[in-house]
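# Observations on the three-dimensional arrangement
Chain by chain, the residues:
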Amino acid sequence: MTLPPLSPPGLTSGSPAQASAATPQAIDWTDATRQAAFETWLADQAPRHGLLPATARPASADASFRRYFRVDRAQGGSCIVMDAPPAQENCQPFVKVAALMADVGLHVPKVLAWDEPQGFMLLNDLGSQTLLDVLDHDNPHANLGHYKDALAALVPWQTASREGVLPAYDEAVLRRELQLFPDWYLTQHKGFALNPAQQALLDKTFATIVARNLAGPKVFVHRDFMPRNLMVPPADHTPASPAQALGVLDFQDALYGPVTYDIASLMRDAFLSWEEDFVLEVTIRYWEKARKAGLLDFDGWSEDFGAFYRAVEWMGLQRHLKVLGIFARLTLRDGKPKYLADTPRFVHYVRNTANRYRELGPFLKLIDEVEGLQAASGFAYGRM
């Protein structure tokens, strides 16, 4: 997951004079050897791409070991440098998926230079404002245009899918992700020890989640398709097509898997929540576009929005449980505690979904025990 840009908006379109007028924020290096390698590499790239190395500054952080820096160009504008230590990060998937998305017509970073052995990459700059930055959190329907733009990128990406191009989002991956929940959230964060009956319940629940999510059609899956990874281009960017209205980032973990995943990710965001009516409105718009594209020819999904929406909820449940585990791990293992502030949002997502399906009733009781909550006495939307 990519964090929001740290530098203020406008740096991408500022002139060199404006850029030099302010002192760039210093890059924090803990490894002097890597710092020296970076500075040497950037100096070598400077004349080829018109870069001003002295302006290099943090652009955004990442939940992984990747970091991103922004550096101004002498003729105006800026570029992004990815710092991805090769011992921890493999950049080949990033390059491969970027090419796939560009071929589809999506607005993604172009790789201008890549030192694979050292893990440095120069990219064009898609801007400094994420979609999350510009959304009106208090007026959901005011954001409909932005979400239409997101769907305009998502559906072509999925329509171009081909089996065997990306790794499979298969049972092994789904189960490995689900296991993060008991390993890190329950055991490490909550200190909750499952008794044999609870473990059996969890195993049964996970088996049901995996089976439901593997049953439907497969497409290319971004895996973090959400406002924090969608960029609002600078004012001078003219989209060549509706698919380029937003920039797309953080796609290096893309797989070939459930068609429901990315719409679940978009509408059940890690960092903001929408009321059900807005979630439904956008999801219906996605459903209409996806079924016209022939992506939903399964078990009545293309005729029955309710059947499709239930599948989205089951996919979202898998993601919510995974993210709870990831956020706990980021805090306890990686020293990034700010992620845990958003865990109540995911607990709510989990409980809301479990509240709506009879076969998840026992699992809901387990979650309530873990969280010290009383089970709800009524169901807002009925149980299925």
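Here, every reference points to the structure presented above.
Just so it is clear, the structure is predicted and the values come from calculations on it, not from any experiment.

## Quick notes on the pattern of salt bridges
- Within this structure, the stated rule accounts for 19 salt bridges.
- The partner of Arg57 in a salt bridge is Asp72, and the shortest N-O contact between them spans 3.1 Å. Highlighted residues: Arg57 in strand S1 (residues 57–60) and Asp72 in strand S2 (residues 67–72), separated in sequence by 15 residues.
- What makes Asp72 buried here is its relative accessible area of 3%.
- For Asp224, the salt bridge goes to Arg319, with nearest N and O atoms at 3.0 Å. On the criterion of sequence distance, the pair formed by Asp224 in the loop between strand S7 (218–221) and strand S8 (230–232) and Arg319 in helix H10 (residues 305–332) is long-range, its members being 95 residues apart.
- Taking the relative accessible area as the measure of exposure, Arg319 reaches 1% and is therefore buried.
- One continuous salt-bridge network, built from bridges that share partners, spans Arg34, Arg67 and Asp83.

## What about the environment of Arg285?
- Here Arg285 is to be found in helix H9 (residues 276–292).
- Residue classification places Arg285 among the partly exposed residues on the basis of a relative accessible area of 30%.
- Distance in space between the C-alpha atoms of Arg285 and Leu151 is 8.3 Å, their sequence separation being 134 residues.
- Beyond its immediate sequence surroundings of up to four residues, Arg285 is in contact with Leu144, Lys148 and Leu151.

## Regarding helix H11 (residues 343–354)
- Here H11 contains 12 residues, and its C-alpha end-to-end distance of 16 Å stays within 8% of the 16 Å for a straight helix at 1.5 Å per residue.
- Along H11, the positions that sit buried rather than exposed are Thr343, Phe346, Val347, Tyr349, Val350, Arg351, Thr353 and Ala354.
- Contact partners of the buried residues in H11: helix H6 (171–189), H10 and helix H12 (361–371).

## Examining the sheet that holds strand S3 (residues 78–83)
- Strand order across the open sheet formed by 5 strands is S1-S2-S3-S5-S4, with antiparallel pairing between neighbours. At either margin of the open sheet sits one strand with a lone partner, and together these are S1 and strand S4 (111–115). Adjacent strand axes in the sheet meet at a mean angle of 30°, parallel and antiparallel pairs treated alike.
- Its contacts with the sheet put helix H2 (residues 32–49) on S2, S3, S4 and strand S5 (120–124), and the angle it makes with S5 is roughly 40°.
- Along the sheet, helix H3 (residues 92–104) makes contact with S3, S4 and S5, crossing S4 at roughly 160°.

Quick notes on the rules
Residues numbered from 1 in each chain as written. Predicted model: local features only at pLDDT ≥ 70, side-chain atom pairs only at ≥ 80, totals over all residues. Heavy atoms only, no water. Salt bridge = Lys/Arg side-chain N within 4 Å of Asp/Glu carboxyl O. Helix = DSSP H or I, 4+ residues; strand = E, 2+ residues; numbered from the N terminus. Buried < 20%, exposed > 50% of the residue type's maximum accessible area, 1.4 Å probe, protein only. Contact = heavy atoms within 4.5 Å. Expected span 1.5 Å × (residues − 1). Pairing = 2+ DSSP bridges. Axes fitted to C-alpha atoms, helices over the stretch in contact; angles between N-to-C directions.

Function cannot be read off these values alone, since they describe shape.
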